[in-house]
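# Architecture at a glance
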Amino acid sequence: MFKTALRNVFAHKARLMMTVLAVMLGVAFVSGTLVFTNTISSALEKSSAKGFDHVDVALTPGSTEAEGDKVSKEVKLTDATLKKARSVPGAASATGVVSGYTAVADQDGKLVGNGFSTKGGNYAGTAGKPDDRYPLAQGSAPHGKNQVALDSETAKRAGYKVGDQVRMSVDGPVLTPTLTGIFTTDDGNVAAGGSLALFDTATAQQLFHKPGAYDEIDVKAAAGTNQDQLKTQLDRAIGTTAVDSETGQQLADDQAESIASSMSSMKTMLLVFAGIALFVGIFLIANTFTMLVAQRTKELALMRAVGASRRQVTRSVLLEAFVVGAVAAVTGLAVGIGIGAGMRALMNGTGAVIPDGPLVISPSTVVSALVVGVLITMLAAWLPGRRAAKIPPVAAMNSVHAAPTTKSMVLRNTLGALVSAAGVAAVLAATTMSGDSGQAPMGLGAALLVIGVFILTPLLSRPLIAAAAPLLRVFGISGKLARLNSVRNPRRTAATASALMIGLTLITGLTVIAGSVQGAINKMAADAIKADYVVSMANGNALSPDVLKTLDGTDGVTASTGLTNSPSRVDGKTEFLTGVNGRTIRQLAALDMNSGRFTVGGSDIVVDDKTAKEYGWKTGSSFTTTYEDGKKQRLTVAGVYQHNEMMQGVLIDSATLTPHVDGTATDMQVMVKMSGGATEANQDRLTKALGENPAIQVQDKQDISNQIAQIFTLMLNMLYGLLAMAVIVAVLGVINTLAMSVFERQQEIGMLRAIGIDRKGIKRMVRLESLVISLFGGVLGIGLGVFFGWAAGQLIGNAMSTYELILPWGRMGVFLALAAVVGILAALWPARRAARLNMLAAIKAE
């Protein structure tokens, strides 16, 4: 039987080629994902581990527990702590570390690096003892507030050399210190494309609003002292209540775990889409082996007649699948390794710098690729093999087995209806739940509904394809034959169309959700913000107090308010208060008041409905709050407004809040109203007033919406690209089904040619058949996608009050046209092959 299986593989290698290609694509996706994520993880782990070479024990600030009326406070690491760490037995040296966000602009004024990867720190060396963490390659160490040192990669990318003025910003005004030194570093952020600017310690503490304090103290062990011994000595000398301590090895391990965790989400997402492609491939494989078995019915019957058992026939089919899967898996693994290397190069090419490191091909990747390829193929081929073994030898030799029995179709349709009904019920039930609790039921319901529709597809194919009959009549006899061929074998049509249906379901659903969310964000920005501009840091950090002062003094500004966040204690819970200018806030924000009035001033506050419900407050309620500085005040709820993403929580007058803020009060955002409204000239005026700062954003309402839209567009385009793999597999399925269908119908096609249909008519028939099947799958996919998009929107609407369903009719039309294009392209080769058949040879074919 093994020899027979091998012979059949080689005899039908052309027909199995599409199956091999489909499995290969799925395996390549899986192995490419594993190679890429393992390579990136390894490179980042090695790069970050180098950063801990100079750290044996790290001390970080602890915090007091929040209890009763006391607000949690961070304990500061001071020069006294640093001196104590240096004097601990077993400590060779101790270095105070200061760090914070520092945006560096290049010679053209553009930001170098992105977000949190653009950092600043302190150079802790002295004239006689350099800072070993940052060896100077050029120039000298920075001294004083007008000097800075840059890492060599940032200096190279920005085009700076020693002696140049460097444009940068920490939290507000533009700074232009002189570049005195260029250093090398093993810092993982720099290796990953970030930037690092160093100041002397006093300057760094001043810039990052940490006068006399450190973010961390790194202690180096003396010879003969290990990390654990040093940690014990430090804990004993400094204590563990006010200061947290970790060994360098523990920090490296935590960093490696963090990197693995962050890469895990990317790996999971990519593997999910690889799984979708493989799932779609199952339809192609099952279709292929079903048709191969049907074409070899007499051969299998003869084998049964001469003594082969049912198990041997099934094993014969599974052996063929094993060979096909093994070939596809090995090929897919090789292609996947190339994909992994290509994805890394692509990321480097788009500016996402990846640390250097070898391509990682782990044994688990190889095993996963081989197991996935072989198991998927054998799993998909098992049912056709089992069906072939159940056919009685005599019945098979008489070829009376072809049509499925009425009983089997009734059972299939009943099962499909029950599964679909369960899926719809689960999805509808999930729409009545809250966001988190409804996700699992909705996911289960969606899976059941897709499976149910797939089971029902043979039943659905007849009425839906019949609906296209008027259009097909335009093409005469070719159109009529295409319609009849499409429904001749409903199961085959269903398997072929379902592959395309799944891809379009996901694409349409994601498009509906993304479009609706974007519409909700636009409406939210328009409804909640009356200000012309919102000013904020590019990385989301707090702004310098100088920003609000600068904007207030700018010509054309008629009203402004900062938004200051400060923790407080209310009823034993931590509650953040947002300080606003009580005199101007009504000109800058439009709140939908559920009750009371929009009044902020003195002890009067307004609160969103969710917070009010949590504490049992209503208009007129009074409560006691404990501020950061420990002082208490009785506040009164002047009004309750509807929660929205732009404005939420407790709003209090800044004049009331600021005196109680620990340290300097800083604004997360500044809202600005200008005479003349939001114009390009006004935006330029604000930008220039802030010194054309690369770290500060000046955005109008449309800019805010566009910024969020960019995130959705990028994510959507990425998902489109990933789902394209499933669509490609679906195309291969259509090609394979048509090609094998043409082989089965050789005699019929020969007869059609003999009675007068020319080659163009045969080509048209096959193309129209492919078009009808593809559009059938497209209609089902788009319909399911819209339903899932609506259902998911019901969950999103619970958290986003402005959410409304928006159907992207234009894009859905494009998706349907895409399905038609898939059908036309998939039919090119099978139609050409059918038209070139020799009519006499075809008529004689069995």
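Predicted, not measured: the structure shown is a model, and the values here were computed from it. (Residues numbered from 1 in each chain as written. Predicted model: local features only at pLDDT ≥ 70, side-chain atom pairs only at ≥ 80, totals over all residues. Heavy atoms only, no water.)

## Remarks on the packing of helix α16 (residues 476-486) against helix α25 (residues 759-799)
Contact geometry for α16 and α25: axes closest at 8 Å, N-to-C directions at 45°. The angle between α16 and α25 falls in the class oblique. Crossing geometry of α16 relative to α25 is assigned as right-handed. Residues Ser478, Gly479, Leu481, Ala482, Asn485 and Ser486 of α16 form the contact with α25, whose participating residues are Gly761, Arg764, Met765, Leu768, Glu769, Val772 and Ile773. Along the lines of polarity and charge, the residues of the contact of α16 with α25 split into 6 nonpolar, 5 polar and 2 charged. (Axes fitted to C-alpha atoms, helices over the stretch in contact; angles between N-to-C directions. Helix = DSSP H or I, 4+ residues; strand = E, 2+ residues; numbered from the N terminus. Parallel < 35°, antiparallel > 145°, perpendicular 65-115°, else oblique. Left-handed = near helix turned anticlockwise from the far one by under 90°. Contact = heavy atoms within 4.5 Å. Nonpolar A, V, L, I, M, F, W, Y, C, P; charged D, E, K, R; others polar.)

## Some points on the pairing of strand β25 (residues 669-674)
Sheet topology note: the strand β17 (residues 533-537)/β25 ladder contains 4 bridges and is antiparallel. In the strand pairing of β25, tyrosine 533 is matched with valine 672. Where strand β18 (residues 557-570) meets β25, 6 bridges bridge the pair, whose relative direction is antiparallel. Paired with glycine 562 across the strands is valine 670, a residue of β25. (Pairing = 2+ DSSP bridges.)

## Things to note about unusual backbone geometry
For histidine 209, which is not a glycine, the phi torsion comes out positive at approximately 55°. With phi around 50°, glutamate 692 is a residue other than glycine that occupies positive phi space. The topology assignment puts glutamate 692 in the loop between α22 (680-689) and β26 (696-699). When its relative accessible area of 47% is taken as the criterion, glutamate 692 is described as partly exposed. (Buried < 20%, exposed > 50% of the residue type's maximum accessible area, 1.4 Å probe, protein only.)

## A few points about the sheet that holds strand β4 (residues 99-101)
Backbone hydrogen bonds are what pair the strands of a sheet, in a parallel or an antiparallel way. On the basis of which strands lie adjacent, the open sheet formed by 6 strands has the order β4-β7-β13-β9-β12-β8 and mixed pairing. The sheet is open, and its two edges are formed by β4 and β8 (136-139), each paired on a single side. Taken over all neighbouring pairs, the strand axes of this sheet differ in orientation by 30° on average, direction set aside.

Keep in mind these numbers describe shape, not what the thing actually does.
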